[in-house]
Amino acid sequence: MRIVIIGAGVIGLATAWRAAQGGATVTLVDPAPASGASSVAAGMLTPVSELSYGEEPLLRLGLASRDRYGAFAAELAEATGLDTGYRDDGTLQVAFDADDLKLLDDLRAFQESLGIPVEALTGRECRKTEPMLAPGVRGGLLAPEDGSVDPRRLAPALLAAGERLGVRLVRRRAEGVLVERDAAAGVRLDDGTGIPADKVLLAAGPWSGDLGGLPPGTVPPVRPVKGQVIRLRTPVPFLRRTTRGLVKGSSVYLVPRADGEIVIGATQEELGFDTRVTAGGLWELLRDARELLPGITELEFAEVTAGLRPGSPDNAPLMGPTALPGLYLGTGHFRNGVLLAPVSADALAAMLLDGPVPAVAAPFSPARFAPEQQ
Ligand code: FAD
């Protein structure tokens, strides 16, 4: 089985590795591997803390993926000797004022109605858990099983693991899908050459809708959703675990890494393919982060970046076959692509290799957006 994957972000990379493990001959096509959202993302693995109303199937997918992460990270480390910065030390979510606390109480009621254990903490208990929190923090929720990973370590580890199994990386832009006898037959590159394939997986993040040669009905409805993040550095431990906060209704998060990096994110902006970092975006993040953790103003500034999440109409991924035989989608992972990489890779590799697909992935077929269903 020859498989070509367009896009070497976390989704394409993880699927390439799993498909190669399954015996396929895999080629990854990307002019700049892991240069999209995967290089900007904070790497939170927080399906419980990020639960939203109406997204229960996505919650189940997120929980399934989070629960695979420990073994996934260990397998990658075993295969490559590379550490992904995986942590499973829980996520604290805190409220700045009484209205924010009310929103957290509602969230806890929703989480508990779905049978998900979370621990309610008073303000004092929050500060005991995270001593740098501001004295005014009203209370919070601890999701003990949520965690984080460093996407900038994860992507190279995935690439190395794939290459060890023979995955070939072609550093070129895919311009289109080759179609022969009404089926996908490979990928056309920007130098005019083609790579023949039995199956093609389109995993080019928010650019997945831009490829040429896609017949009507197969173009994925994905769009870029901009997010700006700030990276700080600290020589001494500042935060023990991922801390998310609600500050007068606005959300902010801080993700600490073992090497002293702290990622503060993220804005959410509908501005097309715009990756400019703006003064207003940074100001909002720093303003809210400082309300929760006043000491962050003392930390060293390291970097600001903006990335584009691959958004879909229902905020959930599109994974599976399209109306064009041989063409599959693995995109639309929006805010959760890093979290969802293990379960998505398992599901997509199974589909590409005609194996059994995990039931948890079934609700995410691209068929839900097929024209006849709209
Ligand atoms: P991408 O990572 O965008 O990769 C797409 C790849 O396709 C790129 O390497 C690009 O070069 C390539 N490409 C594009 N066009 C072509 C072409 N024509 N030919 C060949 N290759 C092409 N998720 C989490 O789970 N947890 C988080 O904490 C988190 N935080 C985030 C914070 C921010 C600010 C942002 C922006 C995103 C965050 N995400 C998070 C979301 C996550 O980053 C994405 O869902 C995930 O990276 C999507 O992965 P992907 O492989 O689909 O796309």
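Residues numbered from 1 in each chain as written. Predicted model: local features only at pLDDT ≥ 70, side-chain atom pairs only at ≥ 80, totals over all residues. Heavy atoms only, no water.

### Brief notes about the site of the ligand
Surrounding the ligand, one finds 41 residues, the nearest of these being Asp 30, Ser 38, Met 44, Phe 334 and Leu 339. At 3.5 Å, a backbone N or O of Ala 34 approaches an oxygen atom of the ligand. At 2.7 Å, a backbone N or O of Leu 339 approaches an oxygen atom of the ligand. For the ligand, whose accessible area on its own is 1000 Å², the fraction buried by protein is 97%. Listed by contribution, the elements that provide at least two residues to the shell around the ligand are helix H1 (10-21), strand S13 (223-233), strand S17 (300-311) and helix H7 (337-352). Residues belonging to the shell around the ligand are distributed by class as follows: 25 nonpolar, 12 polar and four charged. (Near = heavy atom within 4 Å. Polar contact = N/O pair within 3.5 Å; in protein donor to acceptor, adjacent residues only side chain to side chain. Areas by Shrake-Rupley, 256 points an atom, 1.4 Å probe, with all protein chains shown as cover. Helix = DSSP H or I, 4+ residues; strand = E, 2+ residues; numbered from the N terminus. Nonpolar A, V, L, I, M, F, W, Y, C, P; charged D, E, K, R; others polar.)

### Remarks on the sheet that holds strand S5 (residues 119-122)
Across the sheet, eight strands lie side by side as S5-S6-S4-S14-S15-S16-S13-S17; this open sheet has mixed pairing. At either end of the open sheet lies a strand with only one pairing partner, and these are S5 and S17. Across the sheet, the mean angle from the axis of one strand to that of its neighbour is 20 degrees, orientation sign disregarded. The strands touched by helix H3 (residues 98-113) are strand S4 (91-95), S5, strand S6 (139-143) and strand S14 (242-247); relative to S6, the strand with the most contacts, the crossing angle is about 30 degrees. (Pairing = 2+ DSSP bridges. Axes fitted to C-alpha atoms, helices over the stretch in contact; angles between N-to-C directions. Contact = heavy atoms within 4.5 Å.)

### As for H1
Between its first and last C-alpha, H1 extends 17 Å over 12 residues, near the 16 Å set by a 1.5 Å rise per residue. Most of H1 sits out of view: 11 of its 12 residues are buried. Those residues of H1 not exposed but buried are Val 10, Ile 11, Gly 12, Leu 13, Ala 14, Thr 15, Ala 16, Trp 17, Arg 18, Ala 19 and Ala 20. Within two residues after H1, Gly 23 carries a phi angle of roughly 100 degrees, on the positive side. (Expected span 1.5 Å × (residues − 1). Buried < 20%, exposed > 50% of the residue type's maximum accessible area, 1.4 Å probe, protein only.)

### Overview of the nonpolar core
If you look at the biggest cluster of nonpolar residues, it comprises 49 residues, and the most contacted ones within it are Leu 28 and Leu 154. In terms of residue count, H7 provides more of this core than any other element does, 11 residues in total. In this structure, Leu 154 is in contact with Val 10, Tyr 69, Phe 72, Leu 76, Thr 84, Val 149 and Val 338, ignoring residues within four places of it in sequence. The next biggest cluster of nonpolar side chains, apart from the first, holds 25 residues, and it includes Val 137, Ile 262, Leu 285 and Leu 292. (Core = buried A, V, L, I, M, F, W, Y, C linked by side-chain atoms within 4.5 Å.)

### Regarding the environment of Tyr 86
Position of Tyr 86 among the secondary structure elements: in the loop between helix H2 (56-80) and S4. With a relative accessible area of 26%, Tyr 86 lands in the partly exposed category. Ignoring anything within four residues of it in the chain, the contact list for Tyr 86 reads Leu 45, Tyr 69, Gly 70, Ala 73, Ser 148 and Val 149.

Everything listed is a geometric property; what it means functionally is a separate question.
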